[in-house]
Amino acid sequence: MHDPTSQPIMMLDSSPPLLHHFGELARLSPQIPAPECNDPSGTVVMKECCQLPLIDLGCLNSTTERERLACAEAICRASSEWGFFQVVNHGISPELVRNMRREQVKLFQTPFDKKATCGVLNNSYRWGTPTATCPKQFSWSEAFHIPLSKVSEQACYGEFSSLREVMVEFSAAMSKLARVLAGVLAGNLGHPRGVFENICQENNCFLRLNRYPACPVSPEISGLVPHTDSDFLTILSQDEVGGLQLMKDSKWVAVNPNQDALIVNIGDLFQAWSNDVYRSVEHKVVAHGKMERYSIAYFLCPSYDSLIGSCNEPSMYREFTFREYRSQVQEDVKRTGRKIGLPRFLL
């Protein structure tokens, strides 16, 4: 079967003017970093490949208590040691994933001018990095970042009516999975598994549809610049192209795509809530020189006025609201070009 997500590079009018804006940032010809790069502390980090911990979530429903406990322990251990892991038998059907990807590709193949002006999906279209002041701050990508409170609204879809049904089903399935995982992580810290039902109501969460166009300049350009996620946890469905990298033991390591698995990563809020038991790890996407890449991310978030504090004492972080945290992140990015995140809130 032909896969529309692995086409060779084509200069179509569906792509935003990324090259033009990247060129402006680079002033004349882009200065692309070599295959090894420096982290903010000045330490040289090399890229390696890794196989993330792979967890069979079917074991959570095992009739054997030993298997259920072993699965929960694997989730918590990976969240502490890696901040990332993969899950299979997660309850989201391959057919639903394929249908969602098909509609996603159709949406992104719409001419750029139309995507930028038609207001589809709550007028959430974005591309590049408006705050970038230099090439290394620029993300070679485009996305729709949709609050789940708008996913079921017919008015958000316009002519993309076939997207609505699959998007509603997909977001509901991701929400269910996120709450299962959050419950396991909370239970490990001595809290009720349902604690996040009130903290992270479905309407506070987000779904992000990503497209990373093929990059004619270099595969070393960031499709998405290094960052941590400002949520409790993220679930990612990605295609087979690859490009996701994460920081592990002070090195950038590339994540090998697994078409049967979803990727889960811990966000900043879970790290703060768990008092650093779970880790929110820096990650990025490297642009591909010849193929475009598609992914869909689900973000488990609280309401903006939710107070985030550590679940156990003594706390490493002062209490803050989600609104305050997001505002501080946006201010730091605008002022310094990079996210500082949780260190701002250490006691």
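Residues numbered from 1 in each chain as written. Predicted model: local features only at pLDDT ≥ 70, side-chain atom pairs only at ≥ 80, totals over all residues. Heavy atoms only, no water.

If you check an unreviewed UniProt entry, the protein appears there as gibberellin 2beta-dioxygenase from Salix koriyanagi. As stated in UniProt under Catalytic activity (unreviewed entry), the record for the protein gives "gibberellin A1 + 2-oxoglutarate + O2 = gibberellin A8 + succinate + CO2". Under the Sequence similarities (unreviewed entry) heading, UniProt states for the protein: "Belongs to the iron/ascorbate-dependent oxidoreductase family. GA2OX subfamily." (UniProt positions renumbered as here; feature names shortened; annotations may be inferred.)

Enquirer: Can you walk me through the overall build of the protein in this structure?
Expert: Counting its secondary structure elements, the protein contains nine helices and 17 strands. Within the protein, buried positions represent 51% of all 347 residues. Surface accessibility of the protein: about 16200 Å² in total, with carbon and sulfur atoms responsible for 51%. (Helix = DSSP H or I, 4+ residues; strand = E, 2+ residues; numbered from the N terminus. Buried < 20%, exposed > 50% of the residue type's maximum accessible area, 1.4 Å probe, protein only. Areas by Shrake-Rupley, 256 points an atom, 1.4 Å probe, with all protein chains shown as cover.)

Enquirer: Where do I start with the sheet that holds strand 4 (residues 54-56) in this structure?
Expert: Sheets are built from strands that pair by backbone hydrogen bonding, the pairs being arranged parallel or antiparallel. A sheet is described by the order of its strands in space; here eight strands give the open sequence 4-5-13-10-15-8-7-6, paired in mixed fashion. Where the open sheet ends on each side, the last strands, each with one partner, are strand 4 and strand 6 (125-127). Averaged over all adjacent pairs, the angle separating strand axes in this sheet is 25 degrees, with direction ignored. Alignment of strand 5 (residues 84-88) against strand 13 (residues 262-266), held across four bridges, turns out to be antiparallel. Looking at strand 13, one finds that Phe85 is bridged to Val264. (Pairing = 2+ DSSP bridges. Axes fitted to C-alpha atoms, helices over the stretch in contact; angles between N-to-C directions.)

Enquirer: In this structure, what is going on with the pattern of salt bridges? I would like to understand it.
Expert: Two side chains with opposite charge may pair up if their charged atoms get near one another. Enumeration according to the criterion identifies 14 salt bridges in this entry. As a salt-bridge pair, Glu73 and Arg77 come within 3.4 Å of each other at their nearest N and O atoms. Residue Glu73 and its partner Arg77 are both found in helix 2 (residues 65-81); the two are separated by four residues, about one turn of the helix. Residue Arg323 is joined to Asp305 by a salt bridge in which the shortest nitrogen-to-oxygen separation is 3.1 Å. Taken together, the residues Arg323 in helix 9 (residues 322-336) and Asp305 in the loop between strand 15 (293-300) and strand 16 (307-308) connect sequence positions 18 residues apart. A relative accessible area of 41% places Arg323 in the partly exposed class. (Salt bridge = Lys/Arg side-chain N within 4 Å of Asp/Glu carboxyl O.)

Enquirer: What is the right way to look at the environment of Gln271 in this model?
Expert: As for its placement among the helices and strands, Gln271 is situated in helix 8 (residues 268-273). You can call Gln271 buried: its relative accessible area is 14%. Beyond its immediate sequence surroundings of up to four residues, Gln271 is in contact with Ile266, Asp276, Tyr278, Arg279, Ser280, Tyr317 and Leu342. (Contact = heavy atoms within 4.5 Å.)

Enquirer: So what exactly am I meant to see when it comes to unusual backbone geometry here?
Expert: Peptide bonds are mostly trans, and most non-glycine residues show a negative phi. A cis amide bond, omega -5 degrees, links Glu313 with the succeeding residue Pro314. Along the polypeptide, Pro314 turns up in the loop between strand 16 and strand 17 (320-321). Of note in this structure, Leu121 is not a glycine but carries a positive phi near 55 degrees. Turning to its location among the elements, Leu121 is positioned in helix 5 (residues 120-123). Of the residues examined, Leu121 reaches a relative accessible area of 1% and is grouped as buried. Unusually for a residue other than glycine, Asp249 sits at a positive phi of about 55 degrees. One can find Asp249 in the loop between strand 11 (244-248) and strand 12 (251-255). A relative accessible area of 62% means that Asp249 is categorised as exposed.

Enquirer: I'm lost on the pairing of strand 12 in this one. Help?
Expert: For a regular strand, the rule is simple: side chains alternate between the two faces of the sheet. Here strand 12 lies mainly inside the structure; four of its five residues are buried. Of the pairings in the sheet, the one linking strand 11 to strand 12 comprises four bridges and is antiparallel in character. By the bridge assignment for strand 12, Leu246 is matched with Val253. Hairpin remark: strand 11 followed by strand 12, antiparallel, with two residues in the connecting loop; positive phi at Asp249, about 55 degrees.

Enquirer: Where do I start with the packing of aromatic side chains in this structure?
Expert: Here the distance between the centres and the angle between the planes together describe a pair of aromatic rings. The tally for this structure, following the rule as stated, stands at 17 aromatic pairs. The interplanar angle of 75 degrees and the centroid separation of 4.9 Å between the aromatic rings of Phe196 and Phe232 together place this pair among those described as edge-to-face. In this pair, Phe196 sits in helix 7 (residues 195-199) while Phe232 sits in the loop between strand 9 (222-227) and strand 10 (233-238), placing the two residues 36 residues apart along the sequence. Residue class for Phe232 comes out buried when judged on its relative accessible area of 1%. By way of ring pairs, the aromatic residues Phe108, Phe112, Tyr125, Trp127, Phe144 and Tyr294 are connected into one cluster. If you follow Lys248 out to its NZ or CZ, it ends over the ring of Trp82, 4.5 Å from the centre. (Phe/Tyr/Trp six-rings, centres within 6.5 Å; stacked < 30°, edge-to-face > 60°. Lys NZ or Arg CZ within 6 Å of the ring centre and 35° of its normal.)

Enquirer: What should I look at first to understand the side chain of Thr129 in this one?
Expert: On the secondary structure map, Thr129 appears in the loop between strand 6 and strand 7 (142-147). With a relative accessible area of 18%, Thr129 lands in the buried category. Within the local environment of Thr129, its side chain forms a polar contact with the backbone nitrogen of Ser139, the two atoms lying 2.8 Å apart. Residue contacts for Thr129: discarding those within four places in its chain leaves Gln137, Phe138 and Ser139. (Polar contact = N/O pair within 3.5 Å; in protein donor to acceptor, adjacent residues only side chain to side chain.)

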